[in-house]
Amino acid sequence: MASIDVDEIGDTRVDTVQIDGVVVMKIIKHCKEKTPELVTGQLLGLDVGSNLEVTNCFPFPDVNEALEEGEGEEYQMEMMRCLRDVNVDSNTVGWYQSTYMGSFMKPGMIESQFHYQANIRKCVVVVYDPVKSGQGHLALQAFRLTNKFMKLFQDQAFSPDIVTASGISHGDLFEEIPIKIHNSQLINAMLHDLDHRQVVPKPEFARLAMTSNTRLEKSLEVLIDESEELIGEHHKLQYYHRALQRQQQQQQKWIQQRKLENAKRRRNGESELPEKGDESDPLWKPIPPPSQLDSLLHQSQLGYFCDQTNQLVGASLNKHYMLSSLHKD
């Protein structure tokens with residue numbers, strides 16, 4: 001991986017992501033049309049101080065389409081050139097992707113966001129969940145990789161000892177940036193006019209709807225699947241430690257035998273043999289430690305699922321308590 005000055009990039013921070021309402025509608029339309037396929041796209045806009053303004057976007061070509069090498073990058077450059085010709089913001093400020101039930105913390109997503117942040121001082125990845133949004137809650141979140149994780153990922157140093165020494169945990173991978181949806185004055189005037197004329201019917205009891213069992217079951221299913229993946233990573237680490245301990249014991253036994261042999265050779269006036277074997281010998285060949293990147297991702301994803309399930313169940317409990325009080329009255 002190319003060397004990148006992460007410290008210089010880390011000097012810039014993003015406090016708020018302001019997204020135009022039209023951009024939000026474009027993202028929702030693109031993700032909904034391609035469901036259940038996962039899609040991605042480019043975010044365009046400006047950075048003003050510590051705020052990031054997203055004023056436009058466009059989708060990337062479908063991954064299932066047959067594209068020649070470099071054709072995807074050429075498409076992006078052509079789109080940005082066309083937007084610049086018509087005087088539309090063409091500065092890249094990140095990218096967006098769809099997800100299913102919040103399962104977006106994958107190695108491919110990490111690598112893409114790393115390259116974005118390494119080359120663009122201010123950028124984010126916006127994640128949209130069409131399934132969760134179908135339940136009446138806009139599931140739109142913006143994330144950045146933390147500076148600590150950027151340095152670790154650049155070196156690709158994810159051995160157990162290095163990860164432990166760095167002090168990084170699953171909560172240090174991402175930082176969520178608050179999203180603010182912005183509309184022009186004309187759109188605000190139109191929405192106010194529609195509300196005043198009551199063109200859009202107002203729901204009366206939508207906010208009192210209980211959480212469906214299906215959604216809770218799906219949340220618990222993905223939680224269980226992620227737990228099993230994390231257990232698998234722990235088994236790999238345990239196997240590594242057992243293999244390392246077994247190798248060290250065999251090496252100590254080999255060294256003791258070699259010392260006894262050298263003592264005998266000294267008594268016979270013969271030259272001593274080296275007391276350390278060659279790495280070409282399997283006994284002395286270092287055992288590669290398993291990467292802890294997948295383990296960190298599974299832990300981070302598991303924490304995200306727990307927070308998501310907690311919010312889902314917590315809202316339902318509040319509604320149950322409120323309705324119980326109404327029934328008593």
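As the structure is a computational prediction, the values presented were derived from the model and not from experiment. Throughout this document, residue positions are counted from 1 along each chain, in the order its sequence is written. Thresholds applied to this predicted model are a pLDDT of at least 70 for local features of residues and 80 or more for the giving and counting of side-chain atom pairs; totals over whole chains, interfaces and linings are not thresholded and use all residues. Water and hydrogen atoms play no part in the side-chain values, which are based on all heavy atoms of the structure.

Undergrad: I'd love a proper account of helix H6 (residues 147–155), names of residues and values included.
TA: The α-helix advances 3.6 residues per turn, and as a result positions three or four apart in sequence lie on the same side. Taken together, the buried positions of H6 are occupied by Phe149, Met150, Leu152, Phe153 and Gln154. Positive backbone phi, approximately 50°, marks glutamine 156, located one or two places after H6. Using a 1.4 Å probe on the protein chains alone, a residue whose accessible area is under 20% of its type maximum counts as buried, one over 50% counts as exposed, and one in between counts as partly exposed. Note on conventions: DSSP H or I runs of at least 4 residues are helices, E runs of at least 2 residues are strands, and numbering of each starts at the N terminus.

Undergrad: Lay out the nonpolar core in plain terms, naming residues and giving numbers.
TA: To form a nonpolar core, buried Ala, Val, Leu, Ile, Met, Phe, Trp, Tyr and Cys residues must be joined to one another through side-chain atoms within 4.5 Å. With 36 residues, the main nonpolar core has Phe149, Phe158 and Phe174 as its most contacted residues. Those elements that provide at least two residues to this core are helix H3 (71–85), helix H4 (107–119), strand E5 (124–128), strand E6 (140–145), H6, helix H9 (213–267) and helix H10 (293–328). No other element matches the six residues that H10 contributes to this core. The criterion used for residue contact is that any of the two residues' heavy atoms lie within 4.5 Å. For phenylalanine 149, the residues in contact, after removing those within four places along its chain, are Ile110, Phe158, Ile168, Asp172, Leu173 and Leu293. Among the nonpolar cores identified, the runner-up in size contains 21 residues, and Val17, Ile19, Val39 and Tyr96 belong to it.

Undergrad: Tell me about the pairing of E5, residues and numbers included.
TA: With respect to burial, E5 is a largely interior element, five of its five residues being buried. Burial along E5 is two-sided: the face carrying Val124, Val126 and Tyr128 and the face carrying Val125 and Val127 are both buried. Across five bridges, the pairing between strand E4 (residues 92–98) and E5 is parallel. Opposite tyrosine 96, over in E5, you have valine 126 as the bridge partner. Handedness is read with the strands pointing away from the viewer; a crossover is right-handed when the path from the first strand over the helix to the second is clockwise. One crossover worth recording links E4 to the parallel E5 by way of H4, and it is right-handed. Any two strands with at least two DSSP bridges between them are considered paired. Pairing between E5 and E6: four bridges, direction antiparallel.

Undergrad: Break down a nonpolar patch on the surface for me, citing the residues and quoting the values.
TA: Surface patches are defined over residues having more than 30% relative accessible area and no salt bridge, joining like charges when they lie within 9 Å and nonpolar side chains (Val, Leu, Ile, Met, Phe, Trp, Tyr) when within 5 Å. Note that accessible areas follow from Shrake-Rupley with a 1.4 Å probe, and for residues the cover is restricted to the protein chains shown. Salt-bridge detection follows one rule: a side-chain nitrogen of Lys or Arg within 4 Å of a carboxyl oxygen of Asp or Glu. Together, Leu38, Tyr100 and Val131 make up an exposed nonpolar region whose accessible area comes to about 260 Å². With respect to the helices, strands and loops of the structure, valine 131 is situated in helix H5 (residues 130–133).

Undergrad: Tell me about the side chain of lysine 122, and please be specific about residues and values.
TA: Here lysine 122 is to be found in the loop between H4 and E5. Apart from the residues lying within four places of it in its own chain, the contact partners of lysine 122 are Thr12, Arg13, Val14, Asp47, Gly49, Ser50, Leu52, Val93 and Arg144.

Undergrad: Before we move on, could you go through empty space enclosed by the protein and cite the residues and values that matter?
TA: Any residue with an atom within 4 Å of a point lines the site, the site being either a cavity, points on a 1 Å grid over the protein atoms alone where a 1.4 Å probe fits but cannot get out, or a pocket, an open set with protein on both sides within 12 Å along at least 5 of 7 lines. Grid points are joined across faces, edges and corners, and a volume is the space filled by probe spheres set on the points. The tally for this structure, following the rule as stated, stands at one cavity of 30 Å³ or more. As a volume, the largest cavity reaches approximately 40 Å³. In terms of lining residues, the largest cavity is bounded by Thr99, Val127, Tyr128, Asp129, Ala139, Leu140, Gln141 and Tyr304. Of all the elements in the fold, those that place two or more residues in the lining of the largest cavity are E5 and E6. Looking at the lining of the largest cavity residue by residue, the class counts come to five nonpolar, two polar and one charged. Any residue that is not Ala, Val, Leu, Ile, Met, Phe, Trp, Tyr, Cys, Pro, Asp, Glu, Lys or Arg is counted as polar, Gly included; the first ten are nonpolar and the last four charged.

Undergrad: Before we move on, could you go through the confidence of the model for the protein and cite the residues and values that matter?
TA: Averaged over every residue, the pLDDT of the protein is 81; the share at 70 or more is 87%. The score called pLDDT rates the predictor's confidence residue by residue, from a low of 0 to a high of 100. Ranking the elements of the protein by mean pLDDT puts helix H1 (residues 6–9) last, at 52, and E5 first, at 93.

Undergrad: How would you summarise the state of the cysteines if you had to cite specific residues and measurements?
TA: When two cysteine sulfur atoms are found within 2.5 Å, that pair is recorded as a disulfide. Counted under the stated rule, the structure contains zero disulfides. Free cysteine: cysteine 57, not disulfide-bonded; nearest cysteine sulfur from cysteine 31 at 9.2 Å.

Undergrad: Hey, could you go over the packing of aromatic side chains for me, with residue numbers and the actual values?
TA: Stacked, tilted and edge-to-face are the three classes applied to pairs of Phe, Tyr and Trp rings, where Trp contributes its six-membered ring and a pair requires centres within 6.5 Å; stacked means planes under 30 degrees apart, edge-to-face means over 60, and tilted covers the rest. Under the counting rule described, the total for this entry stands at 13 aromatic pairs. With a centroid separation of 5.1 Å and 35° between ring planes, the pair formed by phenylalanine 104 and phenylalanine 143 is classed as tilted. Pair noted here: phenylalanine 104 is in the loop between E4 and H4 and phenylalanine 143 is in strand E6, with a separation of 39 residues, a long-range link. Assessed through its relative accessible area of 1%, phenylalanine 104 is described here as buried. A relative accessible area of 5% means that phenylalanine 143 is categorised as buried. Through a chain of ring-to-ring contacts, three or more aromatic side chains come together here, namely Phe104, Phe143, Phe174, Tyr304 and Phe305.

Undergrad: Requested: an account of the sheet that holds strand E3 (residues 51–59), with residues and values cited.
TA: Strand order in the open sheet formed by eight strands is E7-E6-E5-E4-E2-E3-E1-E8, and the pairing between neighbours is mixed. Taken across any chain shown, the strands that pair with only one partner, and hence form the sheet edges, are strand E7 (174–177) and strand E8 (179–182). Taken over all neighbouring pairs, the strand axes of this sheet differ in orientation by 35° on average, direction set aside. Interaxial angles span 0 to 180 degrees and are taken between N-to-C directions of axes, which are lines fitted to C-alpha atoms, for helices over the stretch in contact.

Undergrad: Give a detailed account of the pattern of salt bridges, specifying residues and quantitative values.
TA: Oppositely charged side chains can form a pair if their charged atoms are brought close together. Scanning the model with the defined rule gives 10 salt bridges in all. One salt bridge in this structure joins lysine 122 and aspartate 47, with 4.0 Å as the shortest N-O distance. Pair noted here: lysine 122 is in the loop between H4 and E5 and aspartate 47 is in strand E2 (residues 40–48), with a separation of 75 residues, a long-range link. A relative accessible area of 10% places lysine 122 in the buried class. For aspartate 47, a relative accessible area of 46% puts it in the partly exposed group. Put simply, arginine 81 and glutamate 78 hold a salt bridge, and the shortest N to O gap is 2.4 Å. Residue arginine 81 and its partner glutamate 78 are located together in helix H3, separated by three residues, close to a single helical turn. Judged by its relative accessible area of 35%, arginine 81 falls in the partly exposed class. A residue is classified by how much of its surface remains accessible, and glutamate 78, at 39% relative accessible area, is partly exposed.

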